[in-house]
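# Fold and geometry: a report
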Amino acid sequence: MTMADAHDPFAHLHDENYADGFAAGAATASTLVQSGGRVVESLDGPWRLTLDLFDEGLRQKWYAEDDMPPSQWATPRDYEIAAGDLVPVPSCWNLLKPEWTHFEGAAWYTRDVDWVPAKPGERVMLQIGGANYALLAFLNGGFVGGHRGGSTPCSLDLTQALRPGRNRLQIMVENRRRADRVPMHHIDWFNYGGLYREIGLMRLPGLFIRQVAVALAPGSDRQAIAARVTLSEARDASATLRIPELGIETRIAIEAGQGIVEIPACPALWSPDDPRLYEVEIVCGEDVWRDRIGFREIRTEGTEILLNGRSILLAGVCVHEDDAARGKTSTEADIRRRFRHARELGANFLRLAHYPHHELVARIADEEGLLLWAEVPVYWAIDFGNPETYADAENQLLELVARDINRASVIIWGVGNENADTDARYRFMADLAARARQADPTRLIAAACLINRERFAIEDRLADHLDIIGINEYFGWYEPDVANLERLVANSAPDKPVIISETGADALLGHRGAGRVLFSEDWQAEFYRLQMVVVSRTPWIRGIAAWLLYDFRSERRQTGFQRGFNRKGLIADDKSSKKMAFDVLAELYRRYR
Ligand code: GCB
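Thresholds applied
Residues numbered from 1 in each chain as written. Predicted model: local features only at pLDDT ≥ 70, side-chain atom pairs only at ≥ 80, totals over all residues. Heavy atoms only, no water. Helix = DSSP H or I, 4+ residues; strand = E, 2+ residues; numbered from the N terminus. Buried < 20%, exposed > 50% of the residue type's maximum accessible area, 1.4 Å probe, protein only. Pairing = 2+ DSSP bridges. Axes fitted to C-alpha atoms, helices over the stretch in contact; angles between N-to-C directions. Core = buried A, V, L, I, M, F, W, Y, C linked by side-chain atoms within 4.5 Å. Contact = heavy atoms within 4.5 Å. Near = heavy atom within 4 Å. Polar contact = N/O pair within 3.5 Å; in protein donor to acceptor, adjacent residues only side chain to side chain. Areas by Shrake-Rupley, 256 points an atom, 1.4 Å probe, with all protein chains shown as cover. Nonpolar A, V, L, I, M, F, W, Y, C, P; charged D, E, K, R; others polar. Expected span 1.5 Å × (residues − 1). 1 Å grid on protein atoms, 1.4 Å probe; cavity = no way out; pocket = protein on both sides within 12 Å on 5 of 7 lines; lining within 4 Å. Points joined across faces, edges and corners; volume = space filled by probe spheres on them. Phe/Tyr/Trp six-rings, centres within 6.5 Å; stacked < 30°, edge-to-face > 60°.

### Structural notes on unusual backbone geometry
- For the peptide bond that leads from N132 to Y133, omega is 5°, which places it in the cis range.
- Relative to the helices and strands, Y133 is located in the loop between β6 (131-132) and β7 (134-139).
- For the peptide bond that leads from A353 to H354, omega is -20°, which places it in the cis range.
- Looking at where H354 falls in the secondary structure, it is placed in the loop between β24 (349-352) and α4 (359-368).
- Within the chain, A256 stands out as a residue other than glycine whose phi angle is a positive 50°.
- A positive phi angle, near 55°, is found at W380, a position not held by glycine.
- Classification of W380 as buried rests on a relative accessible area of 19%.

Okay, here's the thing in structure tokens:
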């Protein structure tokens, strides 16, 4: 914009560079502050929301401070905070008004924040649990940072911009589906939008603990605990690690903001039968970081998966974050209900499809002793040749790892799902797997890999980079002949464990039929019987995750049976009506485990 343009009320109509300077990727995994048991002053509750289909907010600077009521405006405007709808946060806008159901675009959230400084030198982080897909945040008219990635959290430093007294916080959230995003525009779930997880302010001292990883030291034969501490700044310092129940109190020397310590220790090991958690505390200067952590070892040996040195079978179920009334917003009650249903099914394992779920999921799984596969939405036809897309995927992965690294329940990081084999895909996913391993050497890396349908064999060069080969197979559903599953097993000789990471059939609640009647409850139940015959007798299949616990919204699904839902749930979308297959699979799992 030239000086002359600055006085031209129509200049913004011709400015297509309106988004320059607003990087949605400023907040990343390395700026994320773990919750660490600290108090967060909640900003949940009512916010004003204005939809912005044409990006007028950036074009016209809706973030500029102007608190005049319209009656006092000198010139007309197209934005008025008070005219926005009062909406609850967290929520998905799609479910708030019928006319917003399919809205994909930008929307502006606004609220006042009253701030009372507590200590000189304190820092203040805005902690956002999840906003789909990208966000830009503005405080008192100034840009304070942005984030991309629809299911991972971010931290934005508000220290400089926050004023004592009243502040105006605005967050533009934007959920357009795009070919270069992660996931891309074609997905088999609903593209909810909004600030759909909790949001709040965290006070921290000038120098604080950003991230911590505490686990059994790899290679120590379960005889040592390792702790890694990262501070907010690359300074030398000293921290103290305490695990009172183990009698541990150790100094960690921190150099240039990083400290690592390894201590001989034999904690009682965390397992599904005994999900033992220890209070862990790290103090550095004025900052205290706390968590409850379970210690366990997960590794593979040949085609077996070993938990604390003992071979396990994973009997599991996949689940989406999708609720008829709340969409992608999960409450603690939702999570506990999912786990209760998984247990009723006899599952010891859940695959959290196909993106990072709410932070509480792994915390509650830690308490309850459930095993988890957590993944990033590197789903289907990602723009594998695009370096920006890779950077986004890697950042989402590292944010997930940073958030959940202390959760014993998470045993597998999933780096992708059903991605067609190209050189670009191979490089992208091999790099992602290597990055996951480097960031966290204590867990297993997996992906839903490929099947050669001419030979009926597991065949995916990516498998060389994984610890576990996931196979999504629908023999008996998309591919009618279940016998081909037997062929697949006969033709494959994997040298690492295989998990059937998905298998399932649609069934509309109440629809019945004898034989292979598609969409009937009967066929869904029979489908699982046939699957489990093969799974149970194949020694290198070490687990299965049924697709899936509940029916979920998916706009791709438009037959009379589906009506906008994927009906492969063992339970209908009301989250309570069990289909016939539920009890059938529960019985099969009882025998399997
Ligand atoms: C798959 C996908 C999953 C779909 C499922 C289905 O293989 O990984 O996201 O929802 O099949 O129901 O077709």
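### Details of the sheet that holds strand β9 (residues 154-157)
- Read across the sheet, four strands follow the order β1-β12-β5-β9 without closing on themselves; strand pairing throughout is antiparallel. Edge strands, defined here as strands with exactly one partner in the open sheet, are β1 (40-42) and β9. For this sheet, the mean inter-axis angle between neighbouring strands, taken without regard to orientation, is 30°.
- Here strand β5 (residues 123-128) runs beside strand β12 (residues 199-204); their pairing, made up of six bridges, is antiparallel.

### Focus on the nonpolar core
- Of all hydrophobic cores here, the largest spans 115 residues; its most connected members are L350, V378, I412, V415, F428, L570 and L585.
- The leading source of residues in this core is helix α9 (residues 580-592), at eight residues.
- In contact with V378, not counting residues within four places along its chain, are V182, F384, A393, V415, G416, N417, N419, F428, M429 and L432.
- Core analysis: the next-biggest nonpolar cluster, separate from the first, contains 31 residues, V89, Y109, W115 and L139 among them.

### A few points about the environment of E56
- By the secondary structure assignment, E56 is in helix α2 (residues 56-59).
- Looking at E56, the relative accessible area reads 22%, which means it is partly exposed.
- The sequence separation of E56 and G142 amounts to 86 residues, and the corresponding C-alpha distance is 17 Å.
- Not counting chain neighbours up to four residues away, the residues in contact with E56 comprise H12, K61 and W62.

### Thoughts on the site of the ligand
- In the neighbourhood of the ligand, 14 residues make up the surrounding shell, with D188, Y379, E418, Y478 and K568 lying closest.
- The contact in question runs from an oxygen atom of the ligand to an N or O atom on the side chain of Y478, over 2.4 Å.
- A distance of 2.6 Å is found between an oxygen atom of the ligand and a side-chain nitrogen or oxygen belonging to E502.
- Compared with its free state, where it exposes 310 Å², the ligand has 96% of that area covered by protein.
- Broken down by class, the residue content of the shell around the ligand amounts to five nonpolar, four polar and five charged.

### Thoughts on α9
- Compared with an ideal rise of 1.5 Å per residue, which puts 13 residues at 18 Å, α9 spans 19 Å between its outermost C-alpha atoms and is within 8% of the ideal.
- All of the buried residues in α9 are A581, F582, V584, L585, A586, L588, Y589 and Y592.
- Taken together, the buried residues of α9 touch β23 (314-319), α3 (332-344), α8 (521-537) and β32 (541-546).

### Let's talk about the sheet that holds strand β3 (residues 85-89)
- As summarised here, the arrangement of the six strands in space is β3-β2-β4-β10-β7-β8, forming an open sheet in which the pairing is antiparallel. The open sheet has two edge strands with one neighbour each: β3 and β8 (142-148). Each neighbouring strand pair of the sheet contributes to a mean axis angle of 30°, computed without reference to strand direction.
- In the sheet, strand β2 (residues 45-52) pairs with strand β4 (residues 106-115) via five bridges, with the strands oriented antiparallel. The partner of L51 across the bridge, within β4, is A107.

### A short note on empty space enclosed by the protein
- Tallying each qualifying case throughout the model produces six cavities of 30 Å³ or more.
- Computed from the structure, the largest cavity encloses a volume of approximately 160 Å³.
- Considered class by class, the residues forming the lining of the largest cavity number nine nonpolar, five polar and four charged.
- Taken as a whole, the second largest cavity spans an internal volume of roughly 90 Å³.
- Lining the second largest cavity we find V214, A215, L216, G294, F295, R296, I405, N406, R407, A408, T442 and R443.
- When its residues are assigned to classes, the lining of the second largest cavity shows six nonpolar, three polar and three charged.

### Re the packing of aromatic side chains
- Within this structure, the stated rule accounts for 25 aromatic pairs.
- A centroid spacing of 5.7 Å and a plane angle of 65° characterise the contact between F22 and Y63, whose relative ring orientation is edge-to-face. Of this pair, F22 sits in the loop between α1 (3-6) and β1 while Y63 sits in the loop between α2 and β3, and the two are 41 residues apart along the sequence. Taken as a pair, F22 and Y63 share a single burial class, namely buried.
- With a centroid separation of 6.0 Å and an interplanar angle of 55°, the aromatic rings of F456 and F475 are classed as tilted. Taken together, the residues F456 in the loop between β28 (451-452) and β29 (457-458) and F475 in the loop between β30 (468-472) and α7 (483-491) connect sequence positions 19 residues apart.
- Taking the relative accessible area as the measure of exposure, F456 reaches 10% and is therefore buried.

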